[in-house]
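Chain by chain, the residues run as shown.
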Amino acid sequence: MALQTTGQKIRSLRLGRGMTQQQLADQCGLTKSLISKIEHGQTGSAVATLSKLANALGVTLSWLLQEEDAKPLSITRVSERQEIQAGEEAGYLYQTLAVSSSNTKIQPTFVRVLPGNRDLVPYTHSEHEFVYVLQGEIDLSYDGKLTRLREGDTAYFDGSRPHVFLPTDDEKEANVLSIFISN
């Protein structure tokens, strides 16, 4: 459901702006094939990819990820959250935690850093990011430097620099609260 909703929004915005899939792909540094798969709900995407699409389409990441209209009070029950695979290469799963308006500047996200794969490719996005390690530990690769973050540790950084969460354990996942802050 979430993949299709996000994909439909992207397609609708793209068409409304008179853009082809190729034009959007070129503007974001992606492939036309990936744009097509996202629009048709056939693949999940890393938050960084969705951020690039949101910027190119002139909307916030939080608006792009929400599934319903914003309300003055947003309550999302744990049973209602949908886990999104960030693409097989990403090594994590995420859930958006709140419905927000199109002009909201933050998007809280729950991230499950999957064990084992330390060969993940760093990515960038236009938002600043605040992370709080809820459980386990990760290595934050930021701008070529590794920093170990343990349960309770936080980090705040500019997402335009290459970064990725790397697992520190081959068997245990880590859970991270990540808040994206639009500029």
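Going by the structure above, here's the rest.
Residues numbered from 1 in each chain as written. Predicted model: local features only at pLDDT ≥ 70, side-chain atom pairs only at ≥ 80, totals over all residues. Heavy atoms only, no water.

**Some remarks on helix 2 (residues 21-28)**
Residues of helix 2 that are buried include every one of Gln21, Leu24, Ala25 and Cys28, and no others. For helix 2, the angular spread of buried residues about the axis comes to 100°, placing them on one side. Opposite the buried face of helix 2, by more than 90 degrees, sit the exposed residues Asp26 and Gln27. One or two steps after helix 2, the chain reaches glycine 29, where phi turns positive at roughly 75°. (Buried < 20%, exposed > 50% of the residue type's maximum accessible area, 1.4 Å probe, protein only. Helix = DSSP H or I, 4+ residues; strand = E, 2+ residues; numbered from the N terminus. Arc of directions from axis to C-beta.)

**Let's talk about the packing of helix 2 against helix 3 (residues 32-39)**
It is at 8 Å that the axes of helix 2 and helix 3 come closest, and there the two elements cross at 110°. When the axis of helix 2 is compared with that of helix 3, the two are roughly perpendicular. As helix 2 runs across helix 3, the sense of the crossing is right-handed. Together, Gln21, Gln22, Leu24 and Ala25 of helix 2 and Lys32, Ile35, Ser36 and Glu39 of helix 3 make up the contact between the two elements. Among the residues forming the contact of helix 2 with helix 3, the class breakdown is 3 nonpolar, 3 polar and 2 charged. (Axes fitted to C-alpha atoms, helices over the stretch in contact; angles between N-to-C directions. Parallel < 35°, antiparallel > 145°, perpendicular 65-115°, else oblique. Left-handed = near helix turned anticlockwise from the far one by under 90°. Contact = heavy atoms within 4.5 Å. Nonpolar A, V, L, I, M, F, W, Y, C, P; charged D, E, K, R; others polar.)

**Some remarks on helix 3**
Along an α-helix, a turn takes 3.6 residues, which lines up residues three or four apart on a common side. Along helix 3, the positions that sit buried rather than exposed are Ile35, Ile38 and Glu39. All buried residues of helix 3 project into a common sector of 95° when viewed along the axis, lining one side.

**Let's talk about the packing of helix 2 against helix 4 (residues 47-57)**
Two numbers describe how helix 2 lies on helix 4: the axes approach to 9 Å, and their chain directions differ by 115°. When the axes of helix 2 and helix 4 are compared, the pair comes out roughly perpendicular. Judged by the sense of rotation from one axis to the other, the crossing of helix 2 with helix 4 is right-handed. Contact residues: Leu24, Gln27 and Cys28 in helix 2; Lys52, Leu53, Ala56 and Leu57 in helix 4. By residue class, the composition of the contact of helix 2 with helix 4 is 5 nonpolar, 1 polar and 1 charged.

**Some thoughts on the environment of valine 131**
Mapping valine 131 onto the fold places it in strand 4 (residues 128-135). On a C-alpha basis, the gap between valine 131 and valine 176 in space is 6.5 Å, while along the polypeptide they are 45 residues apart. If we ignore the near neighbours within four places in the chain, the residues touching valine 131 are Leu149, Asp153, Thr154, Ala155, Phe157, Phe165, Val176, Leu177 and Ser178.

**Points about the pattern of salt bridges**
Overall, the coordinates contain 8 salt bridges when judged by the stated rule. Across the salt bridge formed by arginine 11 and glutamate 39, the nearest N and O atoms sit 3.9 Å from each other. A residue pair is termed long-range when its members are at least 10 positions apart, and arginine 11 in helix 1 (residues 2-16) and glutamate 39 in helix 3 qualify at 28 residues. Judged by relative accessible area, which is 4%, glutamate 39 ranks as buried. (Salt bridge = Lys/Arg side-chain N within 4 Å of Asp/Glu carboxyl O.)

**Considerations on the pairing of strand 5 (residues 137-142)**
Of the pairings in the sheet, the one linking strand 5 to strand 6 (residues 145-150) comprises 6 bridges and is antiparallel in character. Paired with serine 141 across the two strands is leucine 146, which belongs to strand 6. Hairpin connection between strand 5 and strand 6: a loop of 2 residues separates the two successive antiparallel strands, and aspartate 143 in this loop has a positive phi of roughly 55°. Where strand 5 and strand 8 (residues 163-167) come together, 5 bridges link them in antiparallel fashion. Note on strand 8: the bridge partner recorded for leucine 140 is phenylalanine 165. (Pairing = 2+ DSSP bridges.)

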